[in-house]
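Structure assessment
Spelled out from the first residue to the last, the chains are:
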Amino acid sequence: MAGIMSYEQANELVSLPKEEYNPPSLPFSLPKFDAKVELGSDEMRDHFYIDFKNWIFMNHGGFGGTLKAAVETVHQIQIHVEKQPLRFIDRELLPRMVFAIRKLAGFVSCDPRDLVLVSNATEGLNTVIRSLRLGKGDKVYYLNLRYYAVNKLFAHLKQEDGIEIKEIPLSFPFTKEELLNTITKTLDADTKLAVFDHIPSVHPIILPVKEIIEICHQKGVQVLIDGAHALGAIPLNLTTLNADYYVINCHKWLCNAKGCGALYVDKKHQSSIRCLTVSGGFGRGFTPEFVFRGLKDYSPFLALHTVLEFWNTLGVDRIQDHNRNLAHKAAKMLSGDWKTDTLFPLHTYGPMVLVRLPDILWRSQMTDAQNIVSKANAELVQDRLHYNYGIEVPIKPINGGLYARISAHVYNKIEDYDALRNAVRALAEQCSLPNL
């Protein structure tokens, strides 16, 4: 790098047209990926550190699974930093952060000036909500599909600042028309903020967020979309969605190193959104406020180019089609074998699907006086699958039954779900025996 880069120069770099932008040279070679590698093969599994010899892993929707190449890039960056820390922090960090922003913005189809990097979706959510300075009487609207940690954030704001929460209960399953009609009827025009998940964690259907956003905007309500599970799971075009705010994780379906997420903010709101950490870029514009937040490990952000190279080489559509089709094929097989259901129609799911377990798995654990399936029932079954069969899959109590939330990614194959089918069969047989 020619000299120390200022925040103003970083702002100029992120604003340059694509044809005028020259990315910084890398201090090491990027890994090469084979575009012809078979998805679901052992060769594909070699791209991950997951211990496939001892675990059948179908919970990518939990905390993801990082590509080996991303971990190696993180380590290479960390070593490069320590070879000359001042050179990196003063002269290299800002242009490399801009490079990462521009690469990710291209992947999610938005203006790089509207995107900043944060540690995870939770930080992005807190950034928006704290910046809005919600106070006494301000109304926040959401559905009973919210991630539990976000519910805690709003409960805290209700207790500390007196905000009003309007949570709309939905009965499962529901149709797209029923969902949109419910939002239209229950969303008040004086609502300060409406929050929706693109793909809810517990009920992982793909919500029609574009239509939801349009309803909110017709009523003059700002919308925050929690896209923690969306990036990599489904096609994502942030420009056409037109949300006011959108947060994403890069460690889940994208398979980047943990500690990397992003926040999209519509230009009309950027002047009011403040980074949670006040540092050198404060007051110098949207990008400068977030591009440097004090001395920390920025390597997960800078590993984005490696992960995006993986996706672009193997093919975004190819990966997403494989994951969705495998999850749907497995769900159809499991629900057919167990004589159960998927709660919502298969076409509403992406690469995560809910499949109901045989009822005997929870009914056998309850007395006649009990009639509600509980979280404890779910944890018991999940633990037995984990410890007895080496199967990692979350079990959720929903609608008076237990559901397995299966995930499918590039390393999964149908044999994984055959193993789950057989393990659940064995557990069901044990539950049907006396004194068990």
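Residues numbered from 1 in each chain as written. Predicted model: local features only at pLDDT ≥ 70, side-chain atom pairs only at ≥ 80, totals over all residues. Heavy atoms only, no water.

Going by an unreviewed UniProt entry, the protein chain carries the name Probable L-cysteine desulfhydrase, chloroplastic and comes from Actinia tenebrosa.

Now for the domain arrangement of the protein chain. The parts lose accessible area when they come together, and the size of an interface is often stated as this lost area. Domain parsing of the protein chain yields domain 1 (95–312) and domain 2 (316–432). Spacing between the C-alpha centres of domain 1 and domain 2 amounts to 29 Å. Between domain 1 and domain 2, the contact holds 21 residues from the first and 19 residues from the second. Summed over both partners, the interface of domain 1 with domain 2 comes to about 1,800 Å²; 72% of that surface belongs to carbon and sulfur atoms. Summed over the three residues of domain 1 that lose the most area to domain 2, namely Pro204, Trp253 and Trp311, the buried surface amounts to 32% of that side. Here domain 1 and domain 2 share zero salt bridges between them. Counting the contacts that link domain 1 with domain 2 gives seven residue pairs in polar contact (both at pLDDT 80 or more). With three residues, the top contributor of residues to the side of domain 1 that touches domain 2 is helix H13 (residues 304–314). (Domains from an automatic or database assignment. Contact = heavy atoms within 4.5 Å. Buried area = accessible area lost by both parts, 1.4 Å probe. Salt bridge = Lys/Arg side-chain N within 4 Å of Asp/Glu carboxyl O. Polar contact = N/O pair within 3.5 Å; in protein donor to acceptor, adjacent residues only side chain to side chain. Helix = DSSP H or I, 4+ residues; strand = E, 2+ residues; numbered from the N terminus.)

So, on to the sheet that holds strand E2 (residues 115–118). Spatial ordering of the open sheet is given by E2-E8-E7-E6-E5-E3-E4, a layout of seven strands whose pairing is mixed. Single-partner strands in this sheet number two, and they are E2 and strand E4 (164–168). Averaged over all neighbouring strand pairs, the angle between strand axes comes to 20°, with direction disregarded. The pairing of strand E5 (residues 193–197) with strand E6 (residues 222–227) spans five bridges and is classified as parallel. Bridge pairing in E6 links phenylalanine 196 to isoleucine 225. Where helix H6 (residues 121–131) meets the sheet, it contacts E2, E5, E6, strand E7 (245–249) and strand E8 (261–265), and its direction lies at approximately 160° from that of E7. (Pairing = 2+ DSSP bridges. Axes fitted to C-alpha atoms, helices over the stretch in contact; angles between N-to-C directions.)

Let's shift gears to the state of the cysteines. Counted under the stated rule, the structure contains zero disulfides. With no disulfide of its own, cysteine 250 lies 3.8 Å from the sulfur of cysteine 260, the closest cysteine sulfur. For cysteine 250, a relative accessible area of 0% translates into the label buried. (Disulfide = S-S within 2.5 Å. Buried < 20%, exposed > 50% of the residue type's maximum accessible area, 1.4 Å probe, protein only.)

The next point concerns the packing of aromatic side chains. Applying the stated criterion across every chain, the model contains 15 aromatic pairs. A centroid spacing of 6.4 Å and a plane angle of 50° characterise the contact between phenylalanine 57 and tyrosine 411, whose relative ring orientation is tilted. Linking phenylalanine 57 in strand E1 (residues 56–57) with tyrosine 411 in the loop between strand E12 (401–407) and helix H17 (414–431), this pair joins segments that are 354 residues apart in sequence. Ring plane angle 65° and centroid distance 4.9 Å describe the contact between tyrosine 147 and tyrosine 148, whose orientation is recorded as edge-to-face. A relative accessible area of 31% places tyrosine 147 in the partly exposed class. Grouping aromatic residues by their ring pairs yields a cluster made of Phe48, Phe52, Phe57 and Tyr411. We note lysine 68 situated over the ring of tyrosine 49; from NZ or CZ to the ring centre the distance is 5.5 Å. For the cation-ring pair, lysine 296 lies above tyrosine 298, with the distance from its terminal atom to the ring centre recorded as 5.7 Å. (Phe/Tyr/Trp six-rings, centres within 6.5 Å; stacked < 30°, edge-to-face > 60°. Lys NZ or Arg CZ within 6 Å of the ring centre and 35° of its normal.)

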